[in-house]
Amino acid sequence: MTTRLDLPGITWRRVSPKFLITEFLGLAVTAIVLAGATAPLYLVGWDLAPWATSSAVGFVLLFAAFTPRRVRAIGYQLREDDLVFRRGILFQRFVAVPYGRMQLVDINRGPLSRWLGLSELKFVTAAASTGVTIPGLVAADADELRDRLVELAESRRAGL
Amino acid sequence: MTDPDLPSDVAAPRHPAAPVTALAAALSDGDWHRLHPASPLLKGGIALIAIIGVVISNLRERLIEMFIPDADYTGGDPIDLIVQSGFVGWALLAVLGVLLVLVGIFYVSWRMHTFRITNEVVEVRSGVVFRTNRKARLDRIQGINIVRPFFARLFGAAKLEVNQAGQDANVKLEYLSSAAADALRREILRLASGTRATSAATATQAGAPTGVIDRRMGEFLAPELDPDAAPPASVVKLGVGRLLGSIVLSGASVFIVIAGVAVILSSIWADAALIGLFALIPGIIGVVGFYAQRFLKSLRYSIAGTPDGVRVGFGLLSTSNETLPPGRIHSVKVSQPLLWRPFDWWEVKVNRASHSSTNGAAGQQNTTILPVGNLDDVRRVLELVLPDFLDQEAIALAGRGLTGRGTGTDGYTVSPPRAAVLRWFSWRRNGFAVAPAAVLLRKGAIWRELIIVPHPRVQSVSMAQGPILRRLRLASVHVHTVAGPISAQLGAIDAAAATEFFTWAADAAVRASSADTSHRWRAAEPVVAVDAHGQAIVPPATSAVDPFAQPLPPVVPVGAPATPGDPA
């Protein structure tokens with residue numbers, strides 16, 4: 001019997017379902033690149049080359065099967081004094097960052113995300129290992145969240 | 001520029017007995033000042049020595065003949081060549097020209113290199129063609145380091161480095177006179193501390209040596225040129241024997257012995273003893289140099305508390321002396337290499353936000369705050385570096401964190417027996433404890449270590465679980481601090497206990513950081529009383545504790561298995 005980690009009393013805010021599209025497209029590109037990497041095996045005339053290609057693609061497909069759950073597992077919530085963030089199903093990770101610890105907030109948008117109207121928000125503290133990056137936020141929400149975080153950090157400013 | 005007289009004062013005070021604080025007051029009046037006039041020369045010291053070396057090696061036979069007339073001198077050095085070709089005048093002119101240009105460059109660069117200290121910032125501008133201007137806020141100071149390289153020390157000069165958080169973010173004042181560096185450090189710390197007391201001019205020191213030679217000797221021999229600041233009697237005595245022992249028994253030695261044996265065996269096996277010997281000799285020279293370097297660097301190690309933080313000094317020929325104000329130490333690790341165990345020696349490392357350009361004791365990174373010490377020394381160092389950790393209970397908790405075998409009732413929440421699959425020997429020890437002011441993580445049964453992270457310095461907290469840990473109903477926790485040699489991570493603890501730790505530590509971090517005032521560590525103090533002689537009565541170092549205005553949530557139950565869902 002296995003028990004998953006969870007934090008009691010938190011209703012998680014999830015990321016946009018559209019983020020799935022970016023993830024799937026990214027995986028499709030990965031599959032094409034991996035399949036392309038097996039092309040030289042055909043040129044040397046190796047018998048098992050089709051197996052190599054299909055196992056590479058199969059691996060990506062397996063990964064893709066878990067993607068919807070993985071995306072659903074990403075969550076964040078603004079508590080009174082800190083931001084909590086969770087990620088992962090096989091490798092679960094929970095982080096809590098006090099607002100006063102914020103050094104800066106980054107908003108990144110790739111071409112695909114821009115087309116879908118999504119942004120990625122990165123919360124940076126003085127510790128490199130904090131690693132809070134919330135992907136797949138609706139652009140307007142991300143901007144609002146950034147402004148809110150900056151405002152909260154401003155009111156709870158602390159040193160290092 | 002505002003007062004052309006001052007630089008010469010800085011270089012060599014004409015009145016050696018004058019109060020040091022007058023010098024400090026003059027330097028920190030918010031106007032621009034210049035550095036020690038010999039600075040360009042000292043900075044280019046090695047280049048100068050190299051040039052002189054080249055000249056001497058070219059003329060060595062002539063020099064020998066000068067002193068030993070019978071020496072078999074045959075001529076043929078560059079001077080003979082010049083004389084024979086009749087270029088004496090030109091050569092002299094060229095030398096003169098080069099000297100003039102050098103002096104000119106030195107003078108201009110010295111004139112353009114100025115600094116000023118105000119109530120808020122320390123600012124340096126330098127450069128002739130490429131101008132740079134660096135301004136650092138005083139309340140963001142992470143430490144002040146006074147380094148005296150051997151060459152500069154001979155001239156009574158010192159380098160003052162104001163450390164700030166981040167890569168290459170330090171403000172360097174290279175070079176100042178020794179007295180000015182000390183006075184300035186005290187003044188910067190006073191301004192940065194936010195104390196409302198003004199610096200009281202101290203009484204003239206009786207019996208201060210007069211005369212340049214005496215003063216220089218005094219400066220050269222004194223480990224700490226700060227007689228009227230707090231009496232920094234070192235709390236740790238680092239004996240020569242222990243120092244040698246710790247260096248010989250370090251991990252590097254094990255590696256060297258293995259490498260040496262490998263070389264010898266392989267040369268015997270390959271029947272090429274001569275080749276083996278040739279490989280070994282440079283190795284031996286390198287190893288001896290390595291040990292000598294580490295040894296010389298750690299000699300005269302001292303650590304002491306001052307009202308403005310911990311002061312760590314070391315070095316025999318080149319010395320270094322650093323002050324870390326309260327609240328600048330982000331985490332502390334006490335650890336014991338296996339070979340040190342029979343002697344009960346430990347080393348203490350810290351994480352800090354700044355990266356000093358100079359190495360610390362034992363030639364290691366300056367994050368090593370105690371190169372080697374017994375349990376008593378460790379306790380005293382912990383009291384110094386974590387003043388807010390001072391109460392007896394917490395110190396006892398730390399003590400059990402070092403040597404405790406994990407009996408289950410020592411205050412640490414340890415891994416359950418099912419974690420023995422992952423922590424073969426250490427599962428009984430592997431655990432955490434929470435004191436009112438800090439988190440303690442205890443790890444390892446063979447390589448024992450204890451990590452202490454003060455709550456106000458926690459940047460964030462995380463908890464993680466992979467498939468293997470999930471099968472065993474375990475989890476790992478990680479307390480994030482600024483980057484350094486310490487990673488405050490603890491694996492393989494009970495999942496419910498981990499959740500509780502996570503909730504508790506996150507809450508404590510929020511409360512502690514909002515109550516933290518260590519960026520202006522003495523701002524909360526009452527105005528310092530001044531006694532009849534006009535001398536400020538220095539408050540004890542313990543008043544620099546971060547006040548915990550709000551009570552913290554209840555501590556995770558001691559020893560008892562943590563209950564999930566407990567609203568901590």
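Residues numbered from 1 in each chain as written. Chains lettered and ligands numbered in written order. Predicted model: local features only at pLDDT ≥ 70, side-chain atom pairs only at ≥ 80, totals over all residues. Heavy atoms only, no water.

1. Remarks on the overall build of chain B
Put simply, the rule reads: Under the DSSP-based scheme used, a helix requires at least four consecutive residues in state H or I and a strand at least two consecutive residues in state E, with every element numbered from the N terminus. Burial here depends on accessible area, computed with a 1.4 Å probe over protein chains only, as a share of the maximum for the residue type. Under 20% is buried, over 50% is exposed, and the range in between is partly exposed. Contacts were defined at the residue level, with two residues in contact if any of their heavy atoms lie within 4.5 Å. Computed with the Shrake-Rupley method and a 1.4 Å probe, the accessible areas treat only the protein chains shown as cover for residues.
A count of helical and extended segments in chain B gives 17 helices and 20 strands. With 568 residues in all, chain B has 47% of them scored as buried. Summarising the internal contacts of chain B: among those between residues at least 6 apart in sequence, 61% fall at separations of at least 24. Carbon and sulfur atoms make up 67% of the accessible area of chain B, which amounts to about 26,600 Å² in all.

2. Overview of the overall build of chain A
On a plain count of helices and strands, chain A comes out with five helices and seven strands. Secondary structure elements in chain A, listed N-terminal to C-terminal, are β-α-α-α-β-β-β-β-α-β-β-α. The buried share of chain A, reckoned over its 160 residues, is 41%. Long-range pairs, those at least 24 residues apart, make up 54% of the contacts in chain A between residues at least 6 apart in sequence.

3. Remarks on a nonpolar patch on the surface
All names here are of chain B. Heads up, the rule is: Each patch is built from salt-bridge-free residues with over 30% relative accessible area, joining like charges within 9 Å and nonpolar side chains (Val, Leu, Ile, Met, Phe, Trp, Tyr) within 5 Å. Salt bridge, as used here, is a side-chain nitrogen of Lys or Arg placed within 4 Å of a carboxyl oxygen of Asp or Glu.
Residues Ile79, Ile82, Val83, Phe87, Val88, Trp90, Leu92, Leu93, Leu96 and Leu100 make up a contiguous nonpolar surface patch of roughly 1,000 Å² in combined accessible area. Listed by contribution, the elements that provide at least two residues to the nonpolar patch are helix H6 (78-85) and helix H7 (88-112). The element contributing the most residues to the nonpolar patch is H7, with six residues. Residue placement: tryptophan 90 occurs in helix H7. Given a relative accessible area of 61%, tryptophan 90 falls into the exposed group.

4. A word on the interface of chain A and chain B
This is how it is decided: Here the buried area means the combined drop in accessible surface, using a 1.4 Å probe, for two parts upon being joined, counting both sides. Throughout, the ten residues Ala, Val, Leu, Ile, Met, Phe, Trp, Tyr, Cys and Pro are labelled nonpolar, Asp, Glu, Lys and Arg are labelled charged, and all others, Gly among them, are labelled polar. For two strands to count as paired, DSSP must find a minimum of two bridges between them.
In this complex, chain A contributes 29 residues to the contact, which on the side of chain B involves 33 residues. The three residues of chain A that bury the most area against chain B are Leu5(A), Arg101(A) and Leu160(A), which together make up 26% of that side's buried surface. Our count for the contact surface shared by chain A and chain B stands at zero salt bridges. The element best represented in the side of chain A that touches chain B is strand S4 (residues 92-98) of chain A, accounting for seven residues. For the side of chain A that touches chain B, a count of residues per class yields 15 nonpolar, seven polar and seven charged. Summarising the sheet, S4(A) and strand S18 (residues 460-465) of chain B pair through five bridges and their orientation is antiparallel. Residue pairing for S18(B): Phe94(A) is matched across the bridge by Met463(B).

5. Some remarks on the pattern of salt bridges
One pass over the full model with this rule turns up 24 salt bridges over all chains. When the shortest N-O distance is used, the salt bridge between Arg520(B) and Glu120(B) registers 3.7 Å. Within this pair, whereas Arg520(B) is found in the segment after helix H17 (495-515), its partner Glu120(B) is found in the loop between strand S2 (114-117) and strand S3 (121-126), the two being separated by 400 residues in sequence. Here the salt bridges do not stand alone but share partners, grouping Asp143(A), Arg146(A) and Asp147(A) into one network.

6. Brief notes about the nonpolar core
As a reminder of what qualifies: Put simply, buried Ala, Val, Leu, Ile, Met, Phe, Trp, Tyr and Cys residues joined by side-chain atoms within 4.5 Å make one nonpolar core.
Ile303(B), Val332(B), Ile369(B), Phe389(B), Leu440(B) and Ile452(B) are the most contacted members of the largest nonpolar core, which totals 42 residues. Setting aside residues no more than four positions away along its own chain, Leu440(B) makes contact with Phe389(B), Leu397(B), Ala398(B), Tyr412(B), Gly431(B), Phe432(B), Ala433(B), Ala435(B), Leu450(B), Ile451(B) and Ile452(B).

7. Here's the deal with the packing of aromatic side chains
All names here are of chain B. As a reminder, the rule being used: For this analysis, a ring pair means two rings from Phe, Tyr or Trp (six-membered ring only for Trp) whose centres lie within 6.5 Å, classed as stacked if their planes differ by under 30 degrees, edge-to-face if by over 60, and tilted for the remaining angles. Each ring is checked for a lysine NZ or an arginine CZ that lies within 6 Å of its centre and within 35 degrees of its normal; such an atom marks a charge sitting over the ring.
This structure, assessed with the given rule, holds eight aromatic pairs over all chains. Taken together, a centroid distance of 5.5 Å and an interplanar angle of 55° make the contact between phenylalanine 290 and tyrosine 291 tilted. On the accessibility criterion, phenylalanine 290 (34% relative accessible area) is partly exposed. Summarising the aromatic geometry, the rings of phenylalanine 432 and phenylalanine 501 are spaced 4.6 Å apart at their centres and angled 55° between planes, so their arrangement reads as tilted. Of this pair, phenylalanine 432 sits in strand S15 (residues 431-434) while phenylalanine 501 is found in helix H17, placing the two residues 69 residues apart along the sequence. Taken together, the aromatic side chains of Trp340, Phe343 and Trp345 make up a single cluster linked through ring pairs. It is arginine 125 that lies over the ring of tryptophan 32; its NZ or CZ is 3.7 Å from the centre.

8. Focus on the sheet that holds strand S10 (residues 319-324) of chain B
Residues and elements named next belong to chain B. The condition that has to hold: The angle between two axes is taken between their N-to-C directions and runs from 0 to 180 degrees, where each axis is a line fitted to C-alpha atoms and a helix contributes only its stretch in contact.
The six strands are arranged S7-S6-S5-S10-S9-S8 in an open sheet whose pairing can be described as antiparallel. In this open sheet, the two edge strands, each paired with only one partner strand, are strand S7 (171-177) and strand S8 (302-306). Shown here is a sheet whose adjacent strand axes are inclined to one another by a mean of 15°, direction ignored. Two elements, strand S9 (residues 309-314) and S10, share five bridges in a ladder whose sense is antiparallel. When the bridges of S10 are listed, phenylalanine 314 appears paired with serine 320. Its contacts with the sheet place helix H9 (residues 178-193) against strand S5 (141-148), strand S6 (157-164), S7, S9 and S10, and it is angled at close to 175° to S5. Contacts between helix H14 (residues 375-385) and the sheet are confined to S8 and S9, with S8 contributing the most and set at about 40° to the helix.

9. A short note on H17(B)
Residues and elements named next belong to chain B. What counts here: Expected span of a helix, by definition, is 1.5 Å for each gap between consecutive residues, and there is one gap fewer than residues. Pairing of N or O atoms within 3.5 Å defines a polar contact, subject to two protein rules: one partner must be a possible hydrogen donor and the other a possible acceptor, and residues neighboring in sequence count only if both atoms are side-chain atoms.
When the terminal C-alpha atoms of H17 are compared, their 30 Å separation across 21 residues agrees well with the 30 Å that a helix rising 1.5 Å per residue should span. Of all 21 residues that make up H17, 17 are buried, and the element is covered over most of its length. Two to three positions downstream of the cap, the backbone nitrogen of alanine 496 sits 3.2 Å from a side-chain oxygen, assigning the N-cap of H17 to aspartate 494.

10. What about the pairing of S15(B)?
Residues and elements named next belong to chain B. What you see with S15 is no split at all: Gly431 and Ala433 on one side and Phe432 and Val434 on the other are buried throughout. Where strand S14 (residues 413-414) and S15 come together, two bridges link them in antiparallel fashion. Bridging from a neighbouring strand, valine 414 pairs with glycine 431 of S15. With four bridges connecting them, S15 and strand S16 (residues 438-443) associate as antiparallel partners. Bridge assignment links glycine 431 to a residue of S16, and that residue is arginine 442.

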